[in-house]
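# Examination of the molecular architecture
Residues per chain are reported as follows:
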Amino acid sequence: SVNGNNVSYTITAQQGKTEFYPGHKSNTFGYNGNLLGPVVKLKNGQHVTINLVNHLNEDTTFHFHGLEIPGDVDGGPEQVLKPGEEKTISFKVNQEAATLWFHPHPSPHTAEQVYKGLAGLIYIEDNNNNAKKLPHEYGVNDFPLIIQDKSFDSNKQLDYKKVKNDDGTTGHTVLVNGKVDPKFTFKKELVRLRILDASNARVYKLKFDNGMKFEHIASDGGYLNKPDKVSEIQTAPSERNEILVDFSKVKGNKVNLINEDGKVILPIHLINSNKGTKKSDDKISNLSLNNIHVSPKEKEMKITKKVVLAGMGKDVTINGKKFDKNRIDFNQKVNKTEIWEIENKKDAMGGMEHTFHIHGTQFKVISVDGKTPLEEMQGYKDTISLEPGQKVKIAVKFNHKGIYMYHCHTLEHEDNGMMGQIKVS
Ligand code: C2O
Ligand code: CU
Ligand code: CU
């Protein structure tokens, strides 16, 4: 409910059943429902109260991925709610418009709980005037696409224990918004898609099968400086990307969103728009949406924290260590920018991709392997994916105090201890 500048929500983690395939009900988890969760809509400046309820038969936590809030309400592995417990948290929203999400974080059961269906979206709105010119009517011209891969057994049940992989559980079937057979109908006009990769481990390269270009407008923490015209978008686990697609340019009434392997992720059916088929994205491409820059000072600053991601399977580590809830790995002062270097260390086996995420902050990417990052990496990010051997420099500032996690967002890596803690004071 909303009352002036206050808003309150109840989020209940619960078990349910989902009929992914007709006639077969599978056990699933959801927030306020059987699978996935509601879209929590917040405004910058708002005072938010959330009543968190655990109706599962196991411990869980409620983590707000990408929200810049104090550590004690961020929902890390130490903020456990036992079965039947509830608690109320409150915080003030103090960050720009963005698409964020929430998910459980109990150690070491994050991967399983997300896989079973616990994931919800958070939209933050603000007073960005140019952004008001973008499509923003939920379910009309602004749609979430939560992309997840899962495997079903012969009885069409989701059974995490059977398919669990220590290097990241992947599935044969890609679901969109919890549907194994997603079908969307859009009007032939400019449509905004907010893509969340809520898969345990899978990286996607998404494009349309007619090769059309689209505008990439936002990444994890908010808008890019201006729309970036691309024909493909890569997303690693937990990353968000918003795109604007001008469906008026499609010939015919069908187009598919596909993965790099050509597999159809989302078949799209198109109907004529009452707005006619005027080229709607031309006025959008030059829109200025944000003003994010790495300052000369930030460029000069010395690296003060080094993070080395290494290993595979059960042997994953950060800086040679595994997660220990009783150990603080880093300290940083609130409101003070530090330069972190993240390295994905190659090993004799070659290594593998890791996806680095920090709680409670939106960082800026200063360089990737010593070079200026691509435009799509120049917005605020809370997650960055690294190929074996890659090194990135990021500028990190926390606006609140508390203890925060940083970890690989391949969820089985995180559960296997590829996680550290930073104390911000
Ligand atoms: Cu999506 Cu610890 O985070
Ligand atoms: Cu997070
Ligand atoms: Cu990893």
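Just so we're clear, the structure is a prediction, and the values are computed from it rather than from any experiment. (Residues numbered from 1 in each chain as written. Chains lettered and ligands numbered in written order. Predicted model: local features only at pLDDT ≥ 70, side-chain atom pairs only at ≥ 80, totals over all residues.)

## Describing the overall build of the protein
Per the secondary structure count, the protein includes 4 helices and 30 strands. Scaling as 2.2 N^0.38, a compact globule of 425 residues should have a C-alpha radius of gyration of about 22 Å, and the protein matches this with 21 Å. Dimensions of the protein, computed from C-alpha atoms along their principal axes, come out at roughly 60 × 55 × 55 Å. Buried positions account for 46% of the 425 residues belonging to the protein. Partitioning the intrachain contacts of the protein with sequence separation of at least 6 by distance along the chain shows that 77% fall at a separation of at least 24. (Helix = DSSP H or I, 4+ residues; strand = E, 2+ residues; numbered from the N terminus. Rg over C-alpha atoms; globule rule 2.2 N^0.38 Å. Buried ≥ 20, exposed ≤ 12 C-beta atoms within 10 Å, placed from the backbone. Contact = placed C-beta atoms within 7 Å.)

## Considerations on unusual backbone geometry
Residue Pro108 follows Ser107 across a cis peptide bond; omega there is 5°. Here Pro108 is to be found in the loop between strand S8 (98-103) and helix H1 (110-115). In this structure, Asn32 is a non-glycine residue whose phi angle is positive, near 60°. In this structure, Asn32 sits in the loop between strand S3 (24-31) and strand S4 (39-43).

## Description of the sheet that holds strand S11 (residues 173-176)
Strand order in the open sheet formed by 6 strands is S11-S10-S13-S18-S15-S16, and the pairing between neighbours is mixed. Every interior strand has two partners, whereas the edge strands, S11 and strand S16 (222-230), have only one. In this sheet, adjacent strand axes meet at a mean angle of 25° when their direction is disregarded. In terms of strand pairing, strand S10 (residues 142-150) meets S11 through 4 bridges, oriented antiparallel. Bridging across to S11, Asp149 finds its partner in Val174. (Pairing = 2+ DSSP bridges. Axes fitted to C-alpha atoms, helices over the stretch in contact; angles between N-to-C directions.)

## Points about the sheet that holds strand S24 (residues 338-344)
Across the sheet, which stays open at both edges, the 5 strands sit in the order S22-S21-S24-S28-S26 with mixed pairing between neighbours. Looking along the sheet, the strands with just one partner apiece sit at the ends: strand S22 (317-318) and strand S26 (364-368). Judged from the 4 bridges that link them, S26 and strand S28 (residues 391-396) form a sheet pairing that is antiparallel. For Ser367, the partnering residue across the bridge sits in S28 and is Lys393.

## Observations concerning the domain arrangement of the protein
Segmentation of the protein into domains returns domain 1 (2-127), domain 2 (132-271) and domain 3 (296-424). If you average the C-alpha positions of domain 2 and of domain 3, the two centres end up 26 Å apart. At the junction of the two partners, domain 2 supplies 22 residues and domain 3 supplies 23 residues. When contributions to the side of domain 2 that touches domain 3 are tallied by element, the ones reaching two or more residues are strand S15 (214-219) and S16. (Domains from an automatic or database assignment.)

## A word on the pairing of strand S21 (residues 303-310)
Summarising the sheet, S21 and S24 pair through 6 bridges and their orientation is parallel. Across the sheet, residue Leu309 finds its bridge partner in S24, namely Asn344. In this sheet, S22 lies alongside S21 in antiparallel orientation, the contact comprising 2 bridges. Bridge pairing in S22 places Ala310 opposite Thr317. Counting the residues in the hairpin turn of S21 and S22 gives 6 residues, including Gly311, whose phi is positive at 95°.

## Section: the pairing of S16
Pairing analysis gives 5 bridges linking S15 to S16, with the strands arranged antiparallel. Across the sheet, residue Ala218 finds its bridge partner in S16, namely Tyr223. Following S15, the chain reverses through 2 residues before pairing antiparallel with S16.

## Comments concerning the environment of Val424
Note on placement: Val424 falls in strand S30 (residues 419-424). Setting aside its immediate chain neighbours within four residues, Val424 contacts Gly71, Gln332, Val334, Phe398, His400, Lys401, Gly402 and Tyr404.

## So, the UniProt feature "domain: Plastocyanin-like" (unreviewed entry) in the protein
When the UniProt feature table is mapped onto this chain numbering, "domain: Plastocyanin-like" (unreviewed entry) sits at residues 14-128 and 311-424. End C-alpha atoms of residues 14-128 are separated by 36 Å, and the span's content is 5% helix alongside 44% strand. In the segment residues 311-424, helix accounts for 4% and strand for 39%; the C-alpha atoms at its two ends are 27 Å apart. (UniProt positions renumbered as here; feature names shortened; annotations may be inferred.)

## A few points about the environment of Phe184
Along the chain, the position of Phe184 falls in strand S12 (residues 184-187). Along the chain, Phe184 and Asn5 lie 179 residues apart, while their C-alpha atoms are 35 Å from each other.

## A closer look at the confidence of the model for the protein
Here the protein averages 96 in pLDDT, while 98% of its residues score no lower than 70. Both confidence scores are given for the complex: pTM 0.97, ipTM 0.99. (pLDDT = per-residue confidence, 0-100.)

## Let's talk about the nonpolar core
In this structure, Trp101, Ile122, Ile146, Ile147, Ile217 and Ile243 are the most contacted members of the largest nonpolar core, which totals 69 residues. When residues in this core are grouped by element, the largest group, 5 residues, is from strand S13 (residues 190-197). Two domains share this core, each providing at least three of its residues, namely domain 1 (2-127) and domain 2 (132-271). Residues within four places of Trp101 in sequence aside, it is in contact with His65, Gly66, Ala119, Gly120, Leu121, Ile122, Leu196 and Ala198. Membership of the second largest hydrophobic core comes to 27 residues, among which are Ile318, Ile384, Cys408 and Ile422. (Core = buried A, V, L, I, M, F, W, Y, C linked by C-beta atoms within 7 Å.)

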